[in-house]
Each structure stands twice: as structure tokens, then as C-alpha cells.
Amino acid sequence: MAKAALGDERVRRLMTVAGINLTIAIGLIAAIGDVSRFSSSEKLVSYFGLNPRVRQSGDGRAHGRISKIGRAHARALLVEAAWAAAVAPGPLRSFFTRIMRKRGKPIAAVATARKITVIIWHLLSKNEDYAFGRPALLQAKIRQMEIKGGLASKRGGNKPGRARDYNIKALREKERALVAQAEAAYSRFVAAWSERPKSNTRRAGAAKEERR
């Protein structure tokens with residue numbers, strides 16, 4: 001599987017996201033196939049069964065647990081990625097922590113898995129890497145993929161290996177500090193937004209556009 005994934009740019013792109021390793025990336029790409037099959041991130045979320053059930057009662061709507069209708073194995077991979085992202089510095093950890101404080105760890109893991117799914121749809125649809133990825137860590141992941149794919153070890157050569165930067169503690173800590181700053185900025189943004197007073201419908205529309 002690693003050998004087949006070596007030339008797949010989509011696998012490399014997914015591994016830029018915190019919590020997604022080689023196994024998870026390959027499994028998700030196998031489940032998604034051509035991302036153009038999904039016209040929106042919501043469609044992909046629904047495909048994995050991570051969308052909340054909606055119960056209609058009179059004029060009101062109630063959101064319940066996730067539907068679990070869809071690719072169960074891929075959904076499990078996404079939840080596994082969420083648990084890994086919860087302990088890695090970055091905005092996803094901040095998101096997980098915020099939900100965990102309100103509703104507990106299991107629900108936070110599912111909510112984070114859903115957010116990761118939305119991120120994946122954007123990355124694959126727009127051919128972009130995750131904005132808060134760690135380059136040295138990504139190279140280390142790719143090197144592991146190369147080794148599992150049967151590529152010979154490059155130890156002892158004159159040219160630095162792909163994973164060299166990640167093995168340098170100072171560079172590794174520098175990357176972690178940068179994404180930790182992004183995590184702190186996200187936390188401040190959410191805190192400031194939640195403290196805003198409720199506004200009328202007109203102001204809410206303007207606020208929505210500002211947030212976008």
C-alpha cells in the first residue's frame with residue numbers, strides 16, 4: 001500500500017493535517033476516490049456518516065447523534081485522526097478542547113473528525129496543503145512511507161535525508177512553536193466571538209459576512 005501511495009499527491013496532501021498518518025491517509029483516499037463526486041464538504045461529511053441526525057417536530061428541529069450511515073471503516077479512521085490531533089499543537093487541538101469542556105471527550109472526538117473531513121474536502125478540491133502543517137514532520141512521514149514502500153535507506157550518503165530536519169530538535173521545536181501560536185490565535189478568536197452580545201437579524205447577517 002505504501003509503495004502504491006508514493007506517487008499519489010492526494011496521500012501526501014492529507015498527511016499535512018495533524019493526526020493523519022500514512023495508514024489513515026491511504027484509507028481515506030480509498031474511500032473518497034475522486035473528490036469531485038462530492039459537490040460540498042457537507043456531502044462528504046454525510047458520506048462518512050458524521051452528520052448529526054435531525055428530528056422534525058412541529059416547527060422545531062432537533063439535532064441528535066451522528067447518523068453513522070456510510071463508510072464505517074473510514075469514519076473510524078477519521079475519529080482516530082481526531083484523537084491524534086487532540087494532543088498535537090494546532091487549531092484542531094484548540095477546537096477539540098473547547099468541545100470537550102462543554103460535552104466531553106467522545107463527542108469532541110466526533111466533532112473534530114467532522115471538522116477534519118471538511119478540511120480534507122477543501123484540500124482535495126482546491127489542491128492545497130493544510131495551512132497549519134509542519135513541513136519537517138511531513139517529510140518524516142513521507143520518509144516512513146518510502147521505507148515501507150521498499151525504497152532503500154539513504155544513511156551514510158553525502159546528501160541529507162528527507163527526515164533530517166525532523167531529527168534536529170531545535171527545528172522540530174520551532175515548528176511546534178509556530179503551530180502552537182496558530183492554536184492560541186484560534187482560541188482567542190473563538191473566545192472573542194463567543195463574548196459578543198447577541199444582535200438583531202440585520203447585524204447577524206453582517207457578522208456572518210465578517211466571520212467569513
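Throughout what follows, the structure given in this document is the object of discussion.

## A short note on the overall build of the protein
If you tally the helices and strands in the protein, you get 10 helices and two strands. Along the chain direction, N to C, the helices and strands of the protein fall in the order α-α-α-α-β-β-α-α-α-α-α-α. Sorting the 212 residues of the protein into buried and exposed places 37% on the buried side.

## Side note on the pattern of salt bridges
Evaluation of the coordinates by the stated rule reveals nine salt bridges. Of the charged contacts in the structure, one is a salt bridge between Asp129 and Arg13, with a shortest N-O distance of 3.0 Å. Linking Asp129 in the loop between α7 (105-126) and α8 (135-148) with Arg13 in helix α2 (residues 9-14), this pair joins segments that are 116 residues apart in sequence. In this structure Asp129 comes out as partly exposed when scored by relative accessible area, which is 34%. When its relative accessible area of 10% is taken as the criterion, Arg13 is described as buried. Among the charged side chains, a network of salt bridges with common partners joins Glu9, Arg12, Arg13 and Asp129.

## Some details on α7
Taking 1.5 Å of rise per residue, the 22 residues of α7 would be expected to cover 32 Å, and the 31 Å separating its terminal C-alpha atoms lies within 8% of that figure. Of the surrounding secondary structure, the elements contacted by the buried residues of α7 are α2, α3 (22-32), α4 (41-47), α5 (72-85) and α6 (91-103). Directly beyond the C-terminal end of α7, a positive phi value near 55° is found at Asn127.

## Here's the deal with the packing of aromatic side chains
According to the stated counting rule, one finds four aromatic pairs in the structure shown. Arranged with centres 5.5 Å apart and planes meeting at 50°, the rings of Tyr47 and Phe48 form a pair that is tilted. Above the plane of the ring of Phe95 lies Lys115, whose end atom (NZ or CZ) is 4.7 Å from the centre. A cation sits over an aromatic face here: Arg172 above Tyr166, 5.5 Å from the ring centre.

## Examining the nonpolar core
If you look at the biggest cluster of nonpolar residues, it comprises 39 residues, and the most contacted ones within it are Val11, Ile20, Leu28, Phe48, Ile116 and Ile120. With eight residues, α3 is the single largest residue contributor to this core. Counting residues in hydrophobic clusters, the runner-up holds seven residues, among them Ala86, Phe95, Ala108 and Ala111.

## Description of unusual backbone geometry
Its identity as a non-glycine residue notwithstanding, Asn127 has a phi of 55°, on the positive side. A relative accessible area of 54% means that Asn127 is categorised as exposed.

## So, the layout of surface pockets
Estimates place the volume of the second largest pocket at around 510 Å³. Along the wall of the second largest pocket there are 17 residues; nearest its centre are Lys115, Val118, Ile119, Tyr130 and Phe132. Among the secondary structure elements, those contributing two or more residues to the lining of the second largest pocket are α6, α7 and α9 (169-194). A per-element tally of the lining of the second largest pocket places α7 first, with six residues.

## Overview of the side chain of Arg134
Tracing the backbone through its elements, the reader meets Arg134 in the loop between α7 and α8. For Arg134, the residues in contact, after removing those within four places along its chain, are Pro89, Tyr166, Arg172, Glu175, Arg176 and Val179.

## Focus on the environment of Tyr166
Looking at where Tyr166 falls in the secondary structure, it is placed in the loop between α8 and α9. When sequence neighbours within four positions are dropped, the list of residues in contact with Tyr166 reads Arg134, Ala136, Leu137, Ala140 and Arg172.

The rules behind the values
- Residues numbered from 1 in each chain as written.
- Predicted model: local features only at pLDDT ≥ 70, side-chain atom pairs only at ≥ 80, totals over all residues.
- Heavy atoms only, no water.
- Helix = DSSP H or I, 4+ residues; strand = E, 2+ residues; numbered from the N terminus.
- Buried < 20%, exposed > 50% of the residue type's maximum accessible area, 1.4 Å probe, protein only.
- Salt bridge = Lys/Arg side-chain N within 4 Å of Asp/Glu carboxyl O.
- Expected span 1.5 Å × (residues − 1).
- Contact = heavy atoms within 4.5 Å.
- Phe/Tyr/Trp six-rings, centres within 6.5 Å; stacked < 30°, edge-to-face > 60°.
- Lys NZ or Arg CZ within 6 Å of the ring centre and 35° of its normal.
- Core = buried A, V, L, I, M, F, W, Y, C linked by side-chain atoms within 4.5 Å.
- 1 Å grid on protein atoms, 1.4 Å probe; cavity = no way out; pocket = protein on both sides within 12 Å on 5 of 7 lines; lining within 4 Å.
- Points joined across faces, edges and corners; volume = space filled by probe spheres on them.

Nothing here speaks to function; it is geometry throughout.
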